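Residue-level structure breakdown
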Amino acid sequence: FQGNKVVPQGMLREAVHGTAIGSPYTEGGFRELLNQAVRPVYEQRGRVRVAFTEIRAEPVSDVIGVHVFVKVDEGESYTLGKVEIAEPSPVEARTLLKAGDIKTGDVANFDRVNQGLDRIRKAVRHAGYLDGKVTTERKINDEKKSVDVTVKIDAGALYTMGKLTIVGLDLNGEAEILRIWTMKEGKALNPDYPDLFLKRVQEEGLFDNLGATRAEMKVDARKHTADVTLNFAGEDPAKKPARRGGRGERGGW
């Protein structure tokens, strides 16, 4: 690499080494590799205008291959400007922006932006849009040296909670689970809720001598619903008895 100052030579070579070394060489293929592997290294540093201005290959004598020389124009560092959610969005824009927690006004680090987009995707799923897709558009302002990001939500269909089945508890225990289970039939489906619910049951000691628990979800992609089964088991008697003091009076096995 030639012309690089912001990113060390070793870091740039490491970015392409695993994929490039030993693979068939074409200039087009290598340029695509630079865009996939090296450009993100610069975009972590706000260098959104980085350009690979020249690629030159020279044959070598000891192997059937080429050495590749890349001239880099690193450009200037840009800041992250406005981040907004495009309409229409099935989830309130304020809620998604809070979930994404993408900091503006600092260096336009697109690693952090992408991490925020992952959090937005999870928020869309938690709202019941299991097939939702999240994409972005960048608007680069070369005069202000800033980048605005617009987040687009392709939500797809809303999935709802179907039937809840409880396995392994007696009538009192089942009644208590039904009382505290909040994702009722017909409501928007949060696919992570069943596992979080069982974790809460374990942590609060709702039942004495509670063993393994497991949530199963059966999604109907045609009806856009999901049935959930909660499986409870008693503690393995071969193991040390569980700490008592939970609310075991509410039910058991």
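Residues numbered from 1 in each chain as written. Predicted model: local features only at pLDDT ≥ 70, side-chain atom pairs only at ≥ 80, totals over all residues. Heavy atoms only, no water.

All right, on to the overall build of the protein then. The helix and strand inventory of the protein stands at 6 helices and 8 strands. Going from N to C terminus, the protein has its helices and strands arranged as α-α-β-β-β-α-α-β-β-β-α-α-β-β. The C-alpha atoms of the protein give 27 Å as radius of gyration, which overshoots the globular expectation for 253 residues (18 Å, by more than 25%). For the C-alpha atoms alone, the extent of the protein along its principal axes is close to 75 × 50 × 40 Å. Evaluated residue by residue, the protein yields a buried proportion of 36% over its 253 residues. Intrachain contacts of the protein at a sequence separation of at least 6 include 60% that bridge at least 24 residues. (Helix = DSSP H or I, 4+ residues; strand = E, 2+ residues; numbered from the N terminus. Rg over C-alpha atoms; globule rule 2.2 N^0.38 Å. Buried < 20%, exposed > 50% of the residue type's maximum accessible area, 1.4 Å probe, protein only. Contact = heavy atoms within 4.5 Å.)

Moving on, we get to the confidence of the model for the protein. Averaged over all residues, the pLDDT of the protein equals 91, while 93% of them reach at least 70. A low-confidence stretch, residues 241-250 stays under pLDDT 50, and its non-local contacts, those more than four residues away or across chains, total 19 contacts. (pLDDT = per-residue confidence, 0-100.)

Our next topic: the packing of aromatic side chains. Under the criterion given, the structure shown has 5 aromatic pairs. Ring geometry for tryptophan 181 against phenylalanine 197: centres 5.0 Å apart, planes inclined by 75°, an arrangement best described as edge-to-face. Linking tryptophan 181 in the loop between α5 (171-180) and α6 (193-204) with phenylalanine 197 in helix α6, this pair joins segments that are 16 residues apart in sequence. Like tryptophan 181, the residue phenylalanine 197 is buried in the burial classification. Judged by centre distance (5.8 Å) and plane angle (45°), the ring pair of tyrosine 193 and phenylalanine 197 falls under tilted. (Phe/Tyr/Trp six-rings, centres within 6.5 Å; stacked < 30°, edge-to-face > 60°.)

So, about the environment of histidine 67. As for its position among the elements, histidine 67 is in strand β2 (residues 66-73). A relative accessible area of 47% places histidine 67 in the partly exposed class. Residues histidine 67 and tyrosine 25, 42 residues apart in the sequence, show an inter-C-alpha distance of 10.0 Å. In contact with histidine 67, not counting residues within four places along its chain, are Arg56, Ala57, Glu58 and Val60.

For the pair helix α1 (residues 9-20) and helix α2 (residues 27-43), interaxial distance at closest approach is 10 Å and the crossing angle is 140°. Classified by the angle their axes make, α1 and α2 are oblique. Where α1 crosses over α2, the two elements pack in a sense that is right-handed. Contacts from Met11, Leu12, Ala15, Val16, Thr19 and Ala20 of α1 reach α2 at Phe30, Leu33, Leu34, Ala37, Val38, Val41 and Tyr42. Split into classes, the residues belonging to the contact of α1 with α2 amount to 12 nonpolar, 1 polar and no charged. (Axes fitted to C-alpha atoms, helices over the stretch in contact; angles between N-to-C directions. Parallel < 35°, antiparallel > 145°, perpendicular 65-115°, else oblique. Left-handed = near helix turned anticlockwise from the far one by under 90°. Nonpolar A, V, L, I, M, F, W, Y, C, P; charged D, E, K, R; others polar.)

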